[in-house]
Amino acid sequence: MKFVYLTSVYKDYIKAFYGKQPLLAKMPYGEQMRQILMDSFGWNGAWESGLIPLGYDVETIVCNIKPLQQMWAKERGISWTIFNWAKEIPLQQIKESEAEIVLGDVGTGVDNHWLKELRDMCPSVCLVLGYSGSPSFNIRTLQSYDAVITCTKSLASRFRREGCCALYMRHAYNAKVLD
């Protein structure tokens with residue numbers, strides 16, 4: 001089963017990460033992605049270690065890293081618009097991956113319209129999950145997910161009251177960061 005984790009990262013992280021390795025932005029997508037996963041910022045790289053042993057094929061898509069995303073599109077000859085690349089390119093990536101399950105951080109900037117486009121454009125996707133650990137959210141977007149995962153019991157209750165299928169998942173961390 002193909003699982004895609006869709007995320008975004010802080011702009012300051014992107015600046016610092018590429019600032020340490022200025023030539024990385026010109027490298028192939030695969031090398032940029034490998035370096036990002038090795039850095040283990042946020043949940044990047046964590047889903048692989050948990051789901052691959054269970055038989056999942058896992059891919060992480062970091063929506064808002066411009067050199068990474070645009071290199072992926074360039075390598076495939078896919079065009080994008082200058083103002084909407086962070087939404088357009090991930091849709092293409094999910095379509096190409098033939099993902100069956102997509103888990104998206106609510107902070108990725110996607111909304112209920114993008115989620116509808118995802119479902120229309122990617123027929124392989126059968127389950128779309130969202131994650132929100134913050135009281136700052138758009139309820140219409142959360143209602144567009146099949147289920148919403150949260151690390152806060154009170155948010156899970158609130159999401160349920162708002163008509164969402166909400167799942168509580170306690171905080172954890174990827175033990176590989178200790179290495």
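Scope of this entry: the structure provided in the associated data block. No experiment lies behind these values; they were computed from the predicted model shown.

1. Notes on the environment of Ile36
Link 1 in the chain: Along the polypeptide, Ile36 turns up in helix α2 (residues 29-39).
Link 2 in the chain: Since its relative accessible area comes to 0%, Ile36 is described here as buried.
Link 3 in the chain: Not counting residues within four places of it along the chain, the set of residues in contact with Ile36 comprises Phe17, Tyr18, Asn44, Val62, Ile65 and Leu68.

2. Quick look at helix α1 (residues 11-20)
Link 1 in the chain: Within α1 the residues assigned to the buried category are Tyr13, Ile14, Phe17 and Tyr18. For α1, the angular spread of the buried residues around the axis is 115 degrees, confining them to a single face. Set apart from the buried face of α1 by more than 90 degrees, the exposed residues are Lys11, Asp12, Lys15, Gly19 and Lys20.
Link 2 in the chain: Looking at the packing, one finds that the buried side of α1 touches α2 and α4 (66-76).

3. Regarding the packing of aromatic side chains
Link 1 in the chain: One pass over the structure, following the stated rule, counts 7 aromatic pairs.
Link 2 in the chain: Ring geometry for Tyr13 versus Phe41: centroids 4.0 Å apart, planes at 15 degrees, classification stacked. Of this pair, Tyr13 sits in helix α1 while Phe41 sits in the loop between α2 and α3 (46-51), and the two are 28 residues apart along the sequence.
Link 3 in the chain: We classify Phe41 as partly exposed; its relative accessible area is 26%.
Link 4 in the chain: The interplanar angle of 80 degrees and the centroid separation of 5.5 Å between the aromatic rings of Phe17 and Tyr18 together place this pair among those described as edge-to-face.
Link 5 in the chain: Overall, Phe17 belongs to the buried group, its relative accessible area being 3%.
Link 6 in the chain: What links up through ring pairs into an aromatic cluster is the set Tyr10, Tyr13, Phe17, Tyr18 and Phe41.

4. Structural notes on the packing of α2 against α4
Each pair of packed helices gets described by two things: the angle between the helix axes and the distance between those axes.
Link 1 in the chain: Relative to each other, α2 and α4 sit at 150 degrees, their axes nearing to 9 Å. Classified by the angle between their axes, α2 and α4 sit roughly antiparallel to one another. Both α2 and α4 take part in a crossing whose hand is left-handed. Together, Tyr29, Gln32, Met33 and Ile36 of α2 and Pro67, Leu68, Gln69, Met71, Trp72 and Glu75 of α4 make up the contact between the two elements.
Link 2 in the chain: Residue classes in the contact of α2 with α4 are distributed as 7 nonpolar, 2 polar and 1 charged.

5. As for the side chain of Gln35
Link 1 in the chain: By the element assignment, Gln35 lies in helix α2.
Link 2 in the chain: Those residues in contact with Gln35, other than ones at most four positions away along the chain, are Phe17, Gln21 and Leu24.

6. Some details on the sheet that holds strand β6 (residues 166-168)
In sheet architecture, strand pairing relies on hydrogen bonds along the backbone and comes in two forms, parallel and antiparallel.
Link 1 in the chain: Across the sheet, 6 strands lie side by side as β2-β1-β3-β4-β5-β6; this open sheet has parallel pairing. Strands with a single pairing partner mark the edges of an open sheet, and in this sheet they are β2 (57-62) and β6. Each neighbouring strand pair of the sheet contributes to a mean axis angle of 20 degrees, computed without reference to strand direction.
Link 2 in the chain: Two elements, strand β5 (residues 147-150) and β6, share 3 bridges in a ladder whose sense is parallel. Across the sheet, the residue bridging to Thr150 is Tyr168, located in β6.
Link 3 in the chain: Those strands touched by helix α5 (residues 85-97) are β1 (2-7), β2 and β3 (101-105), and its axis lies near 170 degrees from that of β1.

Definitions and cut-offs
Residues numbered from 1 in each chain as written. Predicted model: local features only at pLDDT ≥ 70, side-chain atom pairs only at ≥ 80, totals over all residues. Heavy atoms only, no water. Helix = DSSP H or I, 4+ residues; strand = E, 2+ residues; numbered from the N terminus. Buried < 20%, exposed > 50% of the residue type's maximum accessible area, 1.4 Å probe, protein only. Contact = heavy atoms within 4.5 Å. Arc of directions from axis to C-beta. Phe/Tyr/Trp six-rings, centres within 6.5 Å; stacked < 30°, edge-to-face > 60°. Axes fitted to C-alpha atoms, helices over the stretch in contact; angles between N-to-C directions. Parallel < 35°, antiparallel > 145°, perpendicular 65-115°, else oblique. Left-handed = near helix turned anticlockwise from the far one by under 90°. Nonpolar A, V, L, I, M, F, W, Y, C, P; charged D, E, K, R; others polar. Pairing = 2+ DSSP bridges.

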